[in-house]
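# Commentary on secondary and tertiary structure
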Amino acid sequence: MTKIVFTSCMDAERVPAQSVWDQIRDEAPDVVMLLGDQIYMDWGDLGGPEWRKLIAREPVEGLRAFATEMHRRYALQWAVPGFQALICGFGGRADPSRLLVTWDDHDYAWNNSLGVDGDDDHCVPQPVKQVARRLFGQFLEQLRGADQDASYPALPETWNAPLEDENTSHLFWHGALHGAGGPECLLLDTRWHREGRTEAASILGVAQKTALLAAVSQPDAGLLVVAAGTPMSYKYRFSQQAWQDQTKDGISYMEYDKALEAAQRPVLYLAGDVHRNVWSGRLLQTDGTQSRVVQVLSSGAAIGRLGPKRFAPSYGVVTVPAGGAAAGDVTVRLKAQNRAGVWQDDLPMGDPLRFAANNWVEPMDGEAASQVD
């Protein structure tokens, strides 16, 4: 069996004490997934609109300020003692099949950000993209190789240099989790290629879309784990982060419908972003029928408060059979810390999720979200 712990969303600027990492370390996971928003670039004095205006008005100094602030926030997160202890004590951190890290909007640029340049306020200009990619790479390199108590490296001299190429394959991973110990997995980047939402728009770009559709459409291939920073489907109140928009006009990115229609095997989709634990069960296709894709979300590792709202520290634990298993059980535990500081099961999942080679065995209807506050 392979134990996966996944979470997302942490802000060391606002929450320097992050107890979640000690709790995760106690889980003794085989695989750790950090699924986006390792920092919050647009929380604080400069929000997303202000960054855009500053960079447009003062391209050189505005971009330098953006890079300096992004670097400072990554250094703050690295300096969190429990985070450093978890990462540096995790034996598989240099292995991309054991430590999986992606970004989302707040550590890519700003809220609801797109991967294209243009007039839309959510578009991210190319100079900002290249800064974000370079500094995310520096943070990932620190996670994979730095000694505990090592200082965070300085802002690279090449922070503003043009990218050598536009190949973003290093942001995408496809292989067996835990070496050969776990099931097939895809880690997706849902920001760099994200277009403005229309019926023909893409969220993954050509290479990732091709790999995803090829993987889900393998018949009788057993469990497939897919992880990303963005939910496939979620009812947002004020934004449009998910692959499928449940609250506006129902438009989905092309990959949502195509992946659900193409799936010929059980797919477990793990993501974060929503600052709570969520059990979605089987995702619905556009015709209302159940797909083979099951979604579980966990986020809010260290967010603290926003006004009167407290975001409970949360993470998810998933245990899956060895790679290549034609059938088996998946256990899911969603954990959250209550106001008294006690970690507890959030949305108890009950029986394991059973799968066969080509589908989930038991019906998994319904949707529930964290009630811990």
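This structure is a prediction, so every number in the text was calculated from the model and none was measured. (Residues numbered from 1 in each chain as written. Predicted model: local features only at pLDDT ≥ 70, side-chain atom pairs only at ≥ 80, totals over all residues. Heavy atoms only, no water.)

### Some thoughts on the environment of E362
Stated precisely, the cut-off is as follows: In this text, helices come from DSSP runs of H or I with a minimum length of four residues, and strands from runs of E with a minimum of two, each type numbered from the N-terminal end. Working definition: with a 1.4 Å probe on protein chains only, accessible area under 20% of the residue-type maximum means buried, over 50% means exposed, and in between means partly exposed. Note on definitions: a residue-residue contact is assigned when non-hydrogen atoms from the two residues lie within 4.5 Å.
With respect to the helices and strands, E362 occurs in the loop between β17 (353-355) and β18 (368-369). By relative accessible area, E362 is classed as partly exposed at 42%. In the structure, E362 is positioned 66 residues away from V296 in sequence and 16 Å away in space, judged by C-alpha atoms. Apart from the residues lying within four places of it in its own chain, the contact partners of E362 are R282 and R354.

### Here's the deal with the pattern of salt bridges
Applicable threshold: Salt bridges are identified by distance alone: a Lys or Arg side-chain nitrogen within 4 Å of an Asp or Glu carboxyl oxygen.
Taken as a whole, this structure holds 13 salt bridges when the rule is applied. Between E27 and R333 there is a salt bridge; the shortest N-O distance is 2.8 Å. Pair noted here: E27 is in the loop between α1 (20-26) and β2 (31-35) and R333 is in strand β15 (residues 328-337), with a separation of 306 residues, a long-range link. Overall, the relative accessible area of 11% leaves E27 in the buried class. You can call R333 partly exposed: its relative accessible area is 31%. Taking the shortest distance from any N to any O, the salt bridge between R72 and E69 comes out at 2.9 Å.

### A few points about the packing of helix α3 (residues 59-78) against helix α6 (residues 126-145)
Applied cut-off: Here an axis means a line fitted to C-alpha atoms, over the contact stretch when the element is a helix, while the angle between two N-to-C directions is reported on a 0 to 180 degree scale. Roughly parallel refers to an angle under 35 degrees, roughly antiparallel to one over 145, roughly perpendicular to one between 65 and 115, and oblique to any angle outside these ranges. Whether a crossing is left-handed or right-handed is set by the direction in which the near helix is turned from the far one by less than a right angle, anticlockwise for left-handed and clockwise for right-handed. We call Asp, Glu, Lys and Arg charged. Ala, Val, Leu, Ile, Met, Phe, Trp, Tyr, Cys and Pro are nonpolar, and the rest, Gly among them, are polar.
Two elements in contact, α3 and α6, have axes whose closest approach is 10 Å; the angle formed by their N-to-C orientations is 20 degrees. Judged by the inter-axis angle, α3 sits roughly parallel to α6. Once α3 is placed against α6, the crossing between them reads as right-handed. Of α6, the residues touching α3 (which contributes L63, F66, A67, M70, H71, Y74, Q77 and W78) are P127, V128, V131, A132, L135, F136, Q138, F139, Q142 and L143. Of the residues assigned to the contact of α3 with α6, the class counts are 14 nonpolar, four polar and no charged.

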